[in-house]
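Summary of the model geometry
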Amino acid sequence: GQNIDQPTEMTATEGAIVQINCTYQTSGFNGLFWYQQHAGEAPTFLSYNVLDGLEEKGRFSSFLSRSKGYSYLLLKELQMKDSASYLCAVNDYKLSFGAGTTVTVRA
Amino acid sequence: NAGVTQTPKFRILKIGQSMTLQCTQDMNHNYMYWYRQDPGMGLKLIYYSVGAGITDKGEVPNGYNVSRSTTEDFPLRLELAAPSQTSVYFCASSPRTGGNQPQHFGDGTRLSIL
C-alpha cells in the first residue's frame, strides 16, 4: 500500500520562505510530483524529482531523498497568490496523492 | 488549447439516480484517469485507462463504471447515486505513466447527492 504524509496547514508572511515536507512509504517508486491546487480549481504541475537532490524552478524548489522516503517543496519570496494547497504525489506507475498542505500567505 | 474538458461543472442528483460524467482530452494522450477529492483529502484514483479499450480499477472503484472507446473520451458512470459519492471529480490525462510526464487535470465536476 501507499502511505504519504504531509502537514495539514502552514501559514507564512508575504516575502518569507516556507518548506512543505512530505514523507512516503510506497511499494514502488518511479518519481515524486508536487502539484499546486488553488481553492475550487484543478491541480497544476509544479515539479518532479526522481533522483536524489534539489531541483530548482524559479521561486520553487523541490528536494528528494529516496533512502529516507522524504521530499520537500520550498517556496521562496512568498506572494499572496501562493496561497493554495500543495499536493505531494508518488508515482508507482499510478499516482498516489497525499492529503495536501494548505498554505496561507499573510500580508 | 482545450486540454482536458469535463462536463458538467456542477450537478445535483437524487439518491438512486444515475448519470455520466464526461471527460475529453485533445492532447492525444494514451493514459486517462478519474479521481475523486473529498474535503480536506487527497485525490483518490477511481479508474484509469492505458489506451482505447483498456480500463482498470483504481483505489476506490465501487459504485462507478468507465469505458474507453476512443483515445479522446473517458466517461465515468454512476449507476445508483449514493450520498457517499458526493465529491469533486477530476479527470486527468498523461502521455504515459512513469517518468517525468505530469498528469493534466480538467477543471472538475462538483457532484452533490441528496
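Just so it is clear, the structure is predicted and the values come from calculations on it, not from any experiment.

1. Details of the overall build of chain B
Counting its secondary structure elements, chain B contains 0 helices and 11 strands. The order of α-helices and β-strands along chain B, N terminus first, is β-β-β-β-β-β-β-β-β-β-β. Scaling as 2.2 N^0.38, a compact globule of 114 residues should have a C-alpha radius of gyration of about 13 Å, and chain B matches this with 13 Å. Taking the principal axes of the C-alpha coordinates as reference, chain B spans close to 40 × 30 × 25 Å. With 114 residues in all, chain B has 46% of them scored as buried. Only carbon and sulfur atoms are counted for the fraction: they give 50% of the accessible area of chain B, which is about 5400 Å². Looking at charge distribution, chain B has the averaged site of its 10 positive side-chain charges lying 6 Å from that of its 8 negative ones.

2. Looking at the interface of chain A and chain B
Taken residue by residue, the interface counts 18 residues in chain A and 20 residues in chain B. On the chain A side of the contact with chain B, Pro43, Lys94 and Phe97 of chain A bury the most area, a combined 29% of that side's loss. Seen at the junction of chain A and chain B, the total is 0 salt bridges. On the surface where chain A and chain B come into contact, there are 3 residue pairs in polar contact (both at pLDDT 80 or more). Listing elements by their share of the side of chain A that touches chain B, those giving two or more residues are strand S4 (32–37), strand S5 (44–49), strand S9 (84–91) and strand S10 (95–97) of chain A.

3. Considerations on the side chain of His29 of chain B
Residues and elements named next belong to chain B. As for its position among the elements, His29 is in the loop between strand S3 (19–25) and strand S4 (31–37). What makes His29 buried here is its relative accessible area of 7%. Beyond its immediate stretch of four places on either side in the chain, His29 contacts Arg68, Thr71, Ser93, Ser94, Pro95 and His104.

4. Some words on unusual backbone geometry
All names here are of chain B. The linkage connecting Thr7 with the following residue, Pro8, adopts the cis geometry, with an omega of -10 degrees. When you line up the elements, Pro8 lands in the loop between strand S1 (4–7) and strand S2 (10–13). With a phi close to 60 degrees, Asn28 is a non-glycine residue in the positive phi region.

5. Regarding the sheet that holds S1 of chain B
Residue and element names in this part refer to chain B. A sheet is described by the order of its strands in space; here 4 strands give the open sequence S1-S3-S8-S7, paired in antiparallel fashion. At either end of the open sheet lies a strand with only one pairing partner, and these are S1 and strand S7 (64–66). Each neighbouring strand pair of the sheet contributes to a mean axis angle of 20 degrees, computed without reference to strand direction.

What counts and what doesn't
Residues numbered from 1 in each chain as written. Chains lettered and ligands numbered in written order. Predicted model: local features only at pLDDT ≥ 70, side-chain atom pairs only at ≥ 80, totals over all residues. Heavy atoms only, no water. Helix = DSSP H or I, 4+ residues; strand = E, 2+ residues; numbered from the N terminus. Rg over C-alpha atoms; globule rule 2.2 N^0.38 Å. Buried < 20%, exposed > 50% of the residue type's maximum accessible area, 1.4 Å probe, protein only. Areas by Shrake-Rupley, 256 points an atom, 1.4 Å probe, with all protein chains shown as cover. Lys, Arg positive; Asp, Glu negative; His and termini not counted. Charge placed at Lys NZ, Arg CZ, Asp CG, Glu CD. Contact = heavy atoms within 4.5 Å. Buried area = accessible area lost by both parts, 1.4 Å probe. Salt bridge = Lys/Arg side-chain N within 4 Å of Asp/Glu carboxyl O. Polar contact = N/O pair within 3.5 Å; in protein donor to acceptor, adjacent residues only side chain to side chain. Pairing = 2+ DSSP bridges. Axes fitted to C-alpha atoms, helices over the stretch in contact; angles between N-to-C directions.

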